[in-house]
Structure formats: C-alpha cells, structure tokens
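Okay, here's what each chain looks like letter by letter:
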Amino acid sequence: MLTYKKPKKKKTPAKKSLATQVDIVPKKGEESWLYSDIVKEHFFTPKNLVMDASKVKDYDGLGMVGSPACGDMMKVWVWIDKKNDKIKKMQWQTFGCASAIGATSMLSVMVSENGGMPIEQALKIRPQDITSRLGGLPTRKIHCSVLGDKALRSALNNYFLKSKQKNRIVEEHARMIDKIAQVTDHDIEEAVLEGAITLEAIQKKTKAGVGNPEVMPEVEQLIKFYREKYFG
Amino acid sequence: MKKNIYLDHAATTPTDIKVVKAMEPYWTREFGNPSALYSLGQKAKHALDDSRQIVAKIFNCQPEEIIFTGGGTESINLAIKGVVLASNLKPAHIITSNFEHHAVLNAAQTLKNQGHEVSLVPVDAEGLIMVDKLWSAIKKNTVLISIMTANNEVGTIQPIQEIGAKLKKINQERKAKKLPAIYLHTDACQAAGALDLNVEKLHIDLMTINGSKIYGPKGVGVLYIKRGTVLQALIDGGGQEKNWRSGTENVPGIVGLATALKIADSKKESENKRLTILRDWLIKKILTTIPKTLLNGHAQKRLPNNINISILDIEGEALLLYLDAIGIQASTGSACTAQDLEPSHVIRALGRPYEAAHGSLRLTLGRSTTKNDLIYLTKKLPSIVKKLRQTSPVSVNMDTLHSSIKKYPREITSA
C-alpha cells in the first residue's frame, strides 16, 4: 500500500566512503514515518474535530460505531443542507490510532469540501476511497480505517430517522455464510482486513467451513472478493 | 535540536562500545572456525572457551553447562521443545503461565498442535504467578515448568527461587513413584543485568538469556542446561555446542554477549539503585499528575527499569506517535502496534480489560536515562494525554474498571 519512491539519481562523487559502497546504510537526518505525510498532517492537526462533545448543538444526525474494547471508536455529527440534500458539515471524535484518527479527519474533509457532498454520494463512500485520499496506509493498518464510512452512514441514518425519511434508512445486513459455525460475510470481511487472506487463515480465525465443507466454495469466493476490495 | 530520549530498553539496548571493541578482532583478523585444528581456529576456540567461562561464573555453574544459540527465542524453543521431544512421552505435559513471552507461548502451542498437553497458570492482578495453581496443574506426564524470571512488559519479578525449591521436593517424591522428573526452565532475558542469575540458588535446570537486552549484540543467546538434563537438539549438523546446537559458532557475537554480561553484572548494583529511584519517581509523578491512570504490574516486585501505566480513554499508538514527535521512544500494549491485532496478552492476563491494554504505555529506562529526560517527559505527557482525550469519545468508568479486574476469572487454561 505504501508507495515506493524511486531513489533520485545522485551525481557520484569520485570516491565514495566505505559505508556508501554497500546497499544498507543508516539514513541520517531523515524523518522516518510509518504513515504518509497526509496521514501525519491529519493526525497531528485533525480537521473538524469536536473538542467538547457537550457543546455540539443543532446537528442533524449523530452516529457512533466501534468500542474502546475493539480498539477503535468513532462518533460523527452531521449538519445537512436540506434543500439540496447535501452534507454541509461533519464533525467527529475518534478513539484509535493514527490511521483511525487520520481516516475520520479525511472523511470529514471529503464530505464537506466543494460546497458539501450529496447524501446519496456520501452513502456510497467506501473505506478505500478514504485510504486512497490519505495516500495509502500500511496493509496491516487498513482495518483501522474501515469504521469511518460506517460511522457516517450511521449518522445519516440518524438524520433520516429524525427527519422522518425512514424509507431512506440503510441497514447494514450481515449474511449468514456458515450456519453451523455462525459465520457471516461481515465476519469474513473483518478477518480478511485483519490479514487472514487464505482459506486456512480464515478458518483458523472464524472456523468457517470447518465441519461444513459445502460452504467452502462460497467462503473462498468471499475471501477473493474482499482481498480485491481492500488490497487489490 | 530535537531531543532523542530512548525509553524502550526492554525492546532492545544499544550495544556497549566496549562490547563492540571486544568483538572487533573476531570478524576479520581472528576469523577462524573454532572447530579447526590450526592455530587460527584454536584462537577462536579460546575466545569461545573464555566467553563460556565468563557466563558460567555469573550463572554459578560449570562452563560445560552453557551453550550459545542464535538468540533468546531459539534458546527458549530448544529448552521447551527439546525437553518434550526427549521425554518420549505422547502426550507429554508442560506448564507455563498465560503471561509469558510469545516465544514460550507459541512454542507451547506448537507442541499442543502436535498432540502434547499444555497448562497455562494464571497470574494475580499484579502479575505474580499463582503458585498454588501451578502445583495443582502438575500431572503424571508433566515434564517441564517454564516461568519467566521477570516479565518483559510489566516487569513483575516471579518467585523462581521458591518455585525451584518446592519443585526439587516434588521431584524427589516423583522419583519414588517412578514418575518423570519435571524440569524448570526460566526465561531470564529481561532479568539479565538486573537480577541474580545464580542457577544453583534459583534451583533451575534450564535458563535463557540473550545479548540484545544487556547492551550486547542481537542474534546471540545463551541456554544454561544443568548437567544431567535430557534434551533433544532442534538443529542437527556438525555437532557444535555439545551436539545441542549445531552450526559454526557466532564467535564475535558470543564474545560480545559474554563481555556485555560481564559489564552488566559489574554495574548491576549501582544501576539497580539508580534506576529504582528514577522508576518510583516517574511512576508516582505520572499517577499523580494524570487522572484516570493505572499502574500495571507489582509496585515493588518489578524490574528497576520498568514503568507500565494504562492511560484510560486514549489509544497507545496515537500516544507513541505524539511522544515520538517530541523525541521520546516508548512502547505500548495496544493492538494497533501488534501484528495480530490483539492487544497485549500480558496486560489482559492481569485482568485488565481491553480498554486498559489499548491505552498502556511502557517506559523502560536504561544506562543513558537521566532524571532530566524524565522531567522532560513528565512536562510534556499531560498535555499530550489531554489533547488525545479531547479527540476521544470514550470515557471509561474507573469504578467499573476496578470491579471488572476483581471479577476477572483466574483459572488454569490449556494454551
């Protein structure tokens, strides 16, 4: 996921020091950072952050996903331009690592820039849309960014509920894949995000298809689907 | 200029410049293979012998009881798997704690996958092994107990001497009943350089240490194997290290480890004294200046250099990145820095909920640490925590937290 920058060709001095004749040389004076500069910017100076939740007023929708136990939790407030069915503003609070904080901050920029994002478009935001705007995330950190879009949808659902547009409420359905092991497509999605990208690894994590081999082709298909969705 | 304050000595230590100097001749000049008969080889062999003697003296054992390996993880694997494989029992049974380093836990898991039995003994809320449960876990086919001398994350020092002494008596009874002897292995990687490694006093059969935690080189370890211990090699080859660890010896690394251990041993007393004062000062300072904090591990029975505190409502990785930005390097038990996305099993074993594990901050002091470094840290930390707490929608109730720690089930589990 991290982009590889081609090293700039240097004009070779006549004689190199012994250390630079080999390939592995400690980088002197360079900042080395796990994340892209964009993530760094959003992490250290978060945009649209709520500093005191008790002072947030007159919002149109509030959504929350995750829990501190699972490592990430996000709370999202939205303000709606009702006439144009657009998001005017989004504010948030996040408990989580740099990816989680950076992803929520970036999401808040994405939905409010250029005069606001139409709600229909906002409902379709996928985690990788946020990730790519962040300039990529290290593979094993992608799971930290997947709550942002869910939190936004949850806030929009809250708005639909409050504004009596129940027909617009989007429910996140989980589909049962393995009835015996009680494994849903969401479970498999989560497992893939956590790095289980082979059938064996998925089975170790979820027990899908263990003692129920007829569901294996579907499990394999889902692994392929989610692998392409997140890492493709 | 940006500060550079390294407070992650439990992860690894810088190699002492004296150690580097001691290793230097053995790269290019005295490069011989210790198995070779000509003088170049014999010089390398002498260096090995000297190193073995240095380690043996500090362990209070015979040089023949010391073997060198490729690191702490390898020594642990050899001790645990070697004893089980040599026992010829199927299943053999081993006992360890749910609090050990992954090298121990995963080696045990592999044995379990191969049909052997593993019991994990719990620790109490302060990280001390529940010794009564340890004894109740013993079965007829038990061949090994492996308990760490001191924990790498929260620094708790285990009563190894007490366990060793009691086990000696148990083994005498087992001998009369014609049951297999139970060996005692201790992972002393974190304890080396701080605690007494006298194997006779501790009554242990196997002990692991490594170079990279004692200002020595990485990739080299020691396994103490008490005379008479039956062990099967994991690496076969030319029969080096008494057939227990084949492969041409890492002479510079071994010389480095021995030198590092000698230096660490000579500094032990004064460093322990100095670091204990700094440790207790820092713990008190953080706990009193930052609300909603919780010390992980025992207040006194802990390594002199270890501070581990859960800072509630924030996530450890975010905290580490803020600290890194002001030049402080530390560590956390948060899942976000782990490969497997599970927060620290050590903090969880204490009975702390996930929230506390995610917000844990480990600071491990070392030779270069000064009071000024810690003053700088304590000046900066409260505002970073405040900022991150403002970002966070979480507010953990401390009373609920404490009562859930009390209610945490502490039972023997099987890996």
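Residues numbered from 1 in each chain as written. Chains lettered and ligands numbered in written order. Predicted model: local features only at pLDDT ≥ 70, side-chain atom pairs only at ≥ 80, totals over all residues. Heavy atoms only, no water.

This part covers the environment of A:Ala201. Tracing the backbone shows A:Ala201 in helix α7 (residues 199-206). As a C-alpha pair, A:Ala201 and A:Ala191 span ten residues in sequence and 8.6 Å in three-dimensional space. (Helix = DSSP H or I, 4+ residues; strand = E, 2+ residues; numbered from the N terminus.)

Throughout the structure, instances matching the rule amount to six aromatic pairs over all chains. The interplanar angle of 55 degrees and the centroid separation of 5.0 Å between the aromatic rings of A:Phe43 and B:Tyr322 together place this pair among those described as tilted. In this pair, A:Phe43 is assigned in helix α1 (residues 37-44) and B:Tyr322 in helix α9 (residues 316-325), connecting two distinct chains. Given the relative accessible area of 1%, A:Phe43 is considered buried. Centroid distance A:Phe44 to B:Tyr322: 4.9 Å. Interplanar angle 85 degrees. Geometry classified as edge-to-face. With one member in each of two chains, A:Phe44 in helix α1 and B:Tyr322 in helix α9 form a pair that bridges those chains. An identical accessibility class is assigned to A:Phe44 and B:Tyr322; each is buried. (Phe/Tyr/Trp six-rings, centres within 6.5 Å; stacked < 30°, edge-to-face > 60°. Buried < 20%, exposed > 50% of the residue type's maximum accessible area, 1.4 Å probe, protein only.)

All told, the structure shown has 23 salt bridges over all chains when counted by the stated rule. For A:Glu120, the salt bridge goes to A:Arg168, with nearest N and O atoms at 2.9 Å. Of the two residues, A:Glu120 sits in helix α3 (residues 119-122) while A:Arg168 sits in the loop between α5 (147-162) and β4 (176-178), which places them 48 residues apart along the sequence. By relative accessible area, A:Arg168 is classed as buried at 17%. The closest approach of N and O atoms between B:Glu241 and B:Arg52, which form a salt bridge, is 2.8 Å. (Salt bridge = Lys/Arg side-chain N within 4 Å of Asp/Glu carboxyl O.)

Take the pairing of strand β5 (residues 142-146) of chain B next. Residue and element names in this part refer to chain B. Most of β5 is tucked away, with five of its five residues classed as buried. Both strand β3 (residues 93-97) and β5 contribute to a ladder of four bridges, which runs parallel. What sits directly across from threonine 96, in β5, is serine 146. As paired strands, β5 and strand β6 (residues 183-187) are joined by three bridges and run parallel to one another. Of the residues in β6, the one forming a bridge with serine 146 is histidine 185. Handedness of the β-α-β unit built from β5, helix α6 (residues 160-176) and β6 comes out right-handed. (Pairing = 2+ DSSP bridges. Right-handed = clockwise from strand over helix to strand, strands pointing away.)

Let us look at the side chain of B:Thr13. Residues and elements named next belong to chain B. Relative to the helices and strands, threonine 13 is located in the loop between β1 (5-6) and α1 (17-23). The class for threonine 13 is buried, based on a relative accessible area of 3%. A polar atom in the side chain of threonine 13 sits 2.7 Å from the backbone oxygen of serine 212. (Polar contact = N/O pair within 3.5 Å; in protein donor to acceptor, adjacent residues only side chain to side chain.)

Moving on, we come to the sheet that holds strand β3 (residues 86-95) of chain A. All names here are of chain A. Taken in spatial order, the three strands line up as β1-β2-β3 in an open sheet, and their pairing is antiparallel. Edge positions in the open sheet fall to β1 (61-67) and β3, since each of these has one partner strand only. Going from strand to strand, the sheet's axes swing by 15 degrees on average, the running direction of each strand aside. Taken together, the seven bridges between β1 and strand β2 (residues 72-81) define a ladder with antiparallel strand orientation. Residue pairing for β2: glycine 63 is matched across the bridge by valine 76. (Axes fitted to C-alpha atoms, helices over the stretch in contact; angles between N-to-C directions.)

Residue and element names in this part refer to chain A. Partitioning chain A into domains gives domain 1 (35-168) and domain 2 (176-231). Between domain 1 and domain 2, the residue contacts involve seven residues of the former and five residues of the latter. Summing both partners gives a buried area of about 570 Å² for domain 1 against domain 2, and 68% of it is carried by carbon and sulfur. Applying the counting rule to domain 1 against domain 2 returns one salt bridge. We note a salt bridge from lysine 150 to glutamate 190, for which the minimum N-O separation is 3.9 Å. Here domain 1 is connected to domain 2 by zero residue pairs in polar contact (both at pLDDT 80 or more). (Domains from an automatic or database assignment. Contact = heavy atoms within 4.5 Å. Buried area = accessible area lost by both parts, 1.4 Å probe.)

All names here are of chain B. Along helix α13 (residues 398-407), the residues that are buried comprise Met398, Leu401 and Ile405. Looking down the long axis of α13, one finds its buried residues gathered within 55 degrees of arc, a one-sided arrangement. The outward face of α13, more than 90 degrees from its buried face, is lined by the exposed residues Asp399, Lys406 and Lys407. Contacts made by the buried residues of α13 are with β9 (293-295). You can read the cap of α13 off the contacts: a side-chain oxygen lies 2.8 Å from the backbone nitrogen of aspartate 399, and it is on asparagine 397. (Arc of directions from axis to C-beta.)

Okay, α6(B) next. Residues and elements named next belong to chain B. An ideal rise of 1.5 Å per residue puts 24 Å on 17 residues; α6 measures up with 24 Å between its terminal C-alpha atoms. Those residues of α6 not exposed but buried are Ile160, Ile163, Gly164, Leu167, Ile170, Asn171 and Arg174. Summarising the axial view, the buried residues of α6 lie within an arc of 125 degrees, below the 170-degree limit, and thus occupy one face. In α6, the exposed positions that point more than 90 degrees away from the buried face belong to Lys169, Gln172 and Ala176. Lining the buried residues of α6 we find α5 (131-136), β5, β6 and α7 (199-202). Looking one or two residues past α6, lysine 178 carries a phi angle of roughly 60 degrees, positive in sign. (Expected span 1.5 Å × (residues − 1).)

Turning our attention to the confidence of the model for chain B. Mean pLDDT over chain B: 95, with 98% of residues reaching 70 or higher. The ipTM for the predicted assembly is 0.84, set against a pTM of 0.87. (pLDDT = per-residue confidence, 0-100.)

With 25 residues of chain B at the contact, the number on the chain A side is 28 residues. Of the roughly 2200 Å² buried at the junction of chain B and chain A (both faces included), carbon and sulfur atoms supply 64%. Taken together, the connections running from chain B to chain A amount to zero salt bridges. On inspection of chain B and its partner chain A, the count reaches seven residue pairs in polar contact (both at pLDDT 80 or more). At the level of elements, α9, α11 (354-358) and α12 (371-391) of chain B are the ones that each hand at least two residues to the side of chain B that touches chain A. The element best represented in the side of chain B that touches chain A is α9(B), accounting for six residues. Taken together, the residues of the side of chain B that touches chain A sort by class into twelve nonpolar, six polar and seven charged. (Nonpolar A, V, L, I, M, F, W, Y, C, P; charged D, E, K, R; others polar.)

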